[in-house]
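Fold and contact review
Below, each chain spelled out in residue letters.
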Number of protein chains: 2
Amino acid sequence: MGATMHDVALIAGVSVKTVSNVINDYPHVRPVTRNRVLAAIAELGYRPNLTARGLRSGKTGIIGLAVPELRENYFAELADSVIRAAEKHGLGVLVEQTNGDRDTERLVISGARMHFTDGILFSPVGMGQADAPLLDVPFPLVLLGERIFNGPTDHVTMHNVSSAVATVEHLLSIGRRRIALVGAEGDDDSDASSWSLRTRGYRRALDQAGIPGNERLVRRTSHWNRAGGAAAIHEMVAEGQEFDAVFALNDALALGVLRGLQEVGLRVPEDVAVVGFDNVDESQYAVPSLTTVDPGREEIAATAVELLVERINEKGVKAPPRTVKADFHIVSRESTGAGPVPSPLVAATPRVELPT
Amino acid sequence: MGATMHDVALIAGVSVKTVSNVINDYPHVRPVTRNRVLAAIAELGYRPNLTARGLRSGKTGIIGLAVPELRENYFAELADSVIRAAEKHGLGVLVEQTNGDRDTERLVISGARMHFTDGILFSPVGMGQADAPLLDVPFPLVLLGERIFNGPTDHVTMHNVSSAVATVEHLLSIGRRRIALVGAEGDDDSDASSWSLRTRGYRRALDQAGIPGNERLVRRTSHWNRAGGAAAIHEMVAEGQEFDAVFALNDALALGVLRGLQEVGLRVPEDVAVVGFDNVDESQYAVPSLTTVDPGREEIAATAVELLVERINEKGVKAPPRTVKADFHIVSRESTGAGPVPSPLVAATPRVELPT
DNA sequence: CGCAGCATTTTCAACGTTGTAGAAGGGAAC
DNA sequence: GTTCCCTTCTACAACGTTGAAAATGCTGCG
């Protein structure tokens, strides 16, 4: 197919190593020689074979990103940010979809398909805390999300509890007292999943405000999508529950909540204020625009890539695993009564936490 | 880092080639030997080095996908489909973002960063028909979209004109006569861009119905996003234009149109029916749910991957470039009067899908 | 017993690149 | 003039794998 270094060397009348030296900016090459080589490269349209280079160097310049599904807005936007962050390090990103399926996730980190990559950013959804030992893999791996804590790898996550506290405080500050939570996944919020952590923040904020919790206002949903959010509203209304605010555990749920409220004739924010979580692009275009928690997606992506690059470059160093939590803020929009201009509200806390 | 074939050979007491033979299921290996090798592989946790394999074989098993931005729903969903299609062929997908920038797009197909891939799926937005010659690259390339036709490569695209005709016919069939178009990008629709083709379909359908076109109802927008769609509505209303339907050239615009209509107090679909284009996931959850053209994204992705795989595997064959257009259908939902429950629908060519 | 025919395994070279070692050439210092 | 150093360039080997071809050993048959 393409010309090789050998062809270039032949035309330029030098050794292949000299061609290599020119390409890699080795200092001791005479300008005359350099130009001759560059001319030959141009003439042949030569491009270095990255596979061969990768074999020599032991690196490919590619990192893997394993997420559930790109059609979920949050992960598409995360991938977008990761690709941009990786580009700054000169890295390409190979995207793998796990569908949130535990077996697929395990396959991905088994390295079965990922051996072309220098390391992997992994956002599990199907695997849980019990699978933590499986993360002890022989290649650089950075964990994203909330499914597994205190694993053997670096971990980038968000302030789930404190941002949920801040969210509820925001709702309290605009006078709401009967605040529903939409998106619980069970009755036991003692684990470290997103829903549990955010639910604990919700309960803590109510406690601190001296407001008695109402378990009828803590709604489970079959899925974290718009249908789930809308269904939760219909259920609560059918039961005759009274509420003046909804904290949805992600934006997709919140958008469904907005739809559900419209369908039952409740006004937002006059009758019910709504807050989501994730700050996906879409939230700012909803009707009304959606107040939401920006969990620091850009920062999460940039940090994750940086940690991975460090692990890749200092392979020998068996430094202890690090955990980083991104700063969050609440983006206040129409669904909680803010004007059309978004205004950041609450800011966050320390970033690096050492392993416990 | 990892164990090599050589290590396995040493432990199993065979040559490296025998290890290779076991791994590649070469038939003439004694079961005893095979088992010994497999045991050694298991013991060492050996994984073949794909880089070395790639160097030998000249292939990497990775294809590139170059799209504008993953945060645009359509491209996220396209990437999702492409990754799934590629997986069926045992291929990984390296995703590159061009931001729709012409120079970045040219860089991507120059092969500067993509040399690790066996071929590229390329969805240009910044480049245009004039850049067609640049697509004559020395590696397999499959073109997606409408920016460039009759180029030197395989091309997968959609039925822009006829699906736009069908869309307008759908609006006519429910009694609408003053149909606005939102998303034009200029006055000259003679080129082959998405907007031009769809706009020509719009005009043709009106012509065929004997309805005089009203250029005041053909609206340009700064961007194909929700803000652009909403702004177009506000402008038309401010100008006092009368219209009973809107054909938005993509779903993002259509969602903005829905918002704009609500803001000015027009009901959908009673006062104004709305149709979008793309059938992104989001469209089915809008309020009201959005009637839209499904341009056959799944089929486009699967076809594009297949064409690329063929080119990769028959590299010598300089077969003439092929063009494939995916089947489309119109998905009828609430924004044109379809109820939430499957109801009588207006047919479109060549297929119609019932609302979900 | 010798050899063809086959199953099994090995040796060798190659994919395209880069690190290591060192050779060739020129100039400065003695 | 000799020695030493510096610049510039080259030869060789190696990264881990696999195709081609050759080597080994066994079976059956004349």
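Every value quoted in this text rests on a predicted model; they were computed, and no experiment measured them.

Right, let's talk about the overall build of chain A for a bit. Helix and strand counts for chain A stand at eleven helices and 14 strands. Taking the principal axes of the C-alpha coordinates as reference, chain A spans close to 85 × 45 × 35 Å. Considering only contacts in chain A between residues 6 or more positions apart, those separated by 24 or more positions represent 66%. Of the roughly 15,200 Å² of accessible surface on chain A, 52% is carried by carbon and sulfur atoms. Put simply, chain A has 36 plus and 45 minus side-chain charges, and the middle of one group is 7 Å from the middle of the other.

The next subject is the protein's contact with DNA strand D. Taken together, 23 residues sit near DNA strand D, with T18 and T33 of chain A together with M5, Y46 and R56 of chain B positioned nearest. A share of 65% is what sugar and phosphate atoms reach among the atoms of DNA strand D within 4 Å of the protein. T18 of chain A places a polar side-chain atom, nitrogen or oxygen, 2.5 Å from a phosphate oxygen of DNA strand D. In the model, a base nitrogen of DNA strand D is placed 2.8 Å from a nitrogen or oxygen of the K17 of chain B side chain. Every element with two or more residues in the surface near DNA strand D is listed here: α2 (16–23) and α4 (50–57) of chain A together with α2 (16–23) and α4 (50–57) of chain B. Residue classes in the surface near DNA strand D are distributed as eight nonpolar, nine polar and six charged.

Counting across every chain of the model gives two cavities of 30 Å³ or more. Secondary structure elements with two or more residues in the lining of the largest cavity: α5 (73–88) and β2 (92–97) of chain A together with β2 (92–97) of chain B. Grouping the constituent residues of the lining of the largest cavity by class yields four nonpolar, two polar and four charged. In this structure, the second largest cavity occupies an estimated 60 Å³ of space. Of all the elements in the fold, those that place two or more residues in the lining of the second largest cavity are β2 of chain A together with α5 (73–88) and β2 of chain B. No other element matches β2 of chain A, which puts three residues into the lining of the second largest cavity. Here the lining of the second largest cavity is composed, by residue class, of four nonpolar, two polar and three charged.

If you rotate chain B by 180° and push it 0.1 Å along the axis, it lands on chain A with an RMSD of 0.1 Å. Put plainly, the chains are arranged around a two-fold axis. The rotation axis passes nearest to the C-alpha of L94 of chain B in chain B, at a distance of 2.1 Å. Taken together, the interface assignments show that 100% of the residues at the interface of chain B recur at the interface of chain A, consistent with an identical surface on both copies.

With that settled, consider the packing of aromatic side chains. Working definition: an aromatic ring pair is given by the centre-to-centre distance plus the angle between the planes. Taken as a whole, this structure holds three aromatic pairs over all chains when the rule is applied. Ring centres 5.4 Å apart and planes at 80° place the aromatic pair Y74 of chain A and F75 of chain A in the edge-to-face group. Neither residue differs from the other here; Y74 of chain A and F75 of chain A are each classed as buried. Residues F116 of chain A and F116 of chain B carry aromatic rings whose centres are separated by 5.6 Å and whose planes lie at 90° to one another, so their mutual orientation is edge-to-face. Residue F116 of chain A is located in the loop between α6 (102–109) and β3 (119–122), and its partner F116 of chain B is located in the loop between α6 (102–109) and β3 (119–122); the two belong to separate chains. Owing to a relative accessible area of 4%, F116 of chain B belongs among the buried residues under this scheme. A cation over a ring is seen here: R198 of chain A above F277 of chain A, with NZ or CZ 3.7 Å from the ring centre.

With that out of the way, let us pick up the UniProt feature "domain: HTH lacI-type" (unreviewed entry) in chain A. The positions that UniProt labels "domain: HTH lacI-type" (unreviewed entry) are, in the present scheme, residues 3–57 of chain A. Spanning residues 3–57 of chain A, this segment combines 69% helix with 0% strand, and its end C-alpha atoms are found 21 Å apart.

Turning next to the protein's contact with DNA strand C. For DNA strand C, the set of nearby residues contains 23 residues, the closest of which are M5, Y46 and R56 of chain A together with T18 and T33 of chain B. Sugar and phosphate atoms represent 60% of those atoms of DNA strand C found within 4 Å of the protein. Within the side chain of Y46 of chain A, an N or O atom sits 2.3 Å from a phosphate oxygen of DNA strand C. Between DNA strand C and R56 of chain A there is a distance of 2.8 Å, counted from a base oxygen to a side-chain nitrogen or oxygen.

Another point: the side chain of S194 of chain B. Residue and element names in this part refer to chain B. By the secondary structure assignment, S194 is in helix α8 (residues 194–208). Polar contacts involving the side chain of S194 include one to the side chain of E146, which spans 2.6 Å. The residues contacting S194, other than those within four sequence positions of it, are E146, N160 and W224.

Moving on, we come to the interface of chain B and chain A. Each partner contributes residues to the interface: chain B has 52 residues there, and chain A has 52 residues. In total, about 4,800 Å² of surface goes out of reach between chain B and chain A, with carbon and sulfur atoms giving 56% of it. Among the residues chain B hides against chain A, the three largest losses belong to R71, F116 and R259 of chain B. Together they make up 15% of the total. Between chain B and chain A we count eight salt bridges in total. One salt bridge in this structure joins R71 of chain B and E298 of chain A, with 3.6 Å as the shortest N-O distance. Here chain B is connected to chain A by twelve residue pairs in polar contact (both at pLDDT 80 or more). Those elements giving two or more residues to the side of chain B that touches chain A turn out to be α4, α5, β2, α9 (226–239), α10 (251–263) and α11 (297–313) of chain B. Top element by residues in the side of chain B that touches chain A is α5 of chain B. It accounts for eight residues. For the side of chain B that touches chain A, the residue count by class is 21 nonpolar, 16 polar and 15 charged. Pairing between β2 of chain A and β2 of chain B: three bridges, direction antiparallel. If you follow V95 of chain A over to β2 of chain B, its bridge partner there is V93 of chain B.

Definitions and cut-offs
Residues numbered from 1 in each chain as written. Chains lettered and ligands numbered in written order. Predicted model: local features only at pLDDT ≥ 70, side-chain atom pairs only at ≥ 80, totals over all residues. Heavy atoms only, no water. Helix = DSSP H or I, 4+ residues; strand = E, 2+ residues; numbered from the N terminus. Contact = heavy atoms within 4.5 Å. Areas by Shrake-Rupley, 256 points an atom, 1.4 Å probe, with all protein chains shown as cover. Lys, Arg positive; Asp, Glu negative; His and termini not counted. Charge placed at Lys NZ, Arg CZ, Asp CG, Glu CD. Near = heavy atom within 4 Å. Polar contact = N/O pair within 3.5 Å; in protein donor to acceptor, adjacent residues only side chain to side chain. Nonpolar A, V, L, I, M, F, W, Y, C, P; charged D, E, K, R; others polar. 1 Å grid on protein atoms, 1.4 Å probe; cavity = no way out; pocket = protein on both sides within 12 Å on 5 of 7 lines; lining within 4 Å. Points joined across faces, edges and corners; volume = space filled by probe spheres on them. Least-squares fit on C-alpha atoms with pLDDT ≥ 70 in both. Phe/Tyr/Trp six-rings, centres within 6.5 Å; stacked < 30°, edge-to-face > 60°. Buried < 20%, exposed > 50% of the residue type's maximum accessible area, 1.4 Å probe, protein only. Lys NZ or Arg CZ within 6 Å of the ring centre and 35° of its normal. UniProt positions renumbered as here; feature names shortened; annotations may be inferred. Buried area = accessible area lost by both parts, 1.4 Å probe. Salt bridge = Lys/Arg side-chain N within 4 Å of Asp/Glu carboxyl O. Pairing = 2+ DSSP bridges.

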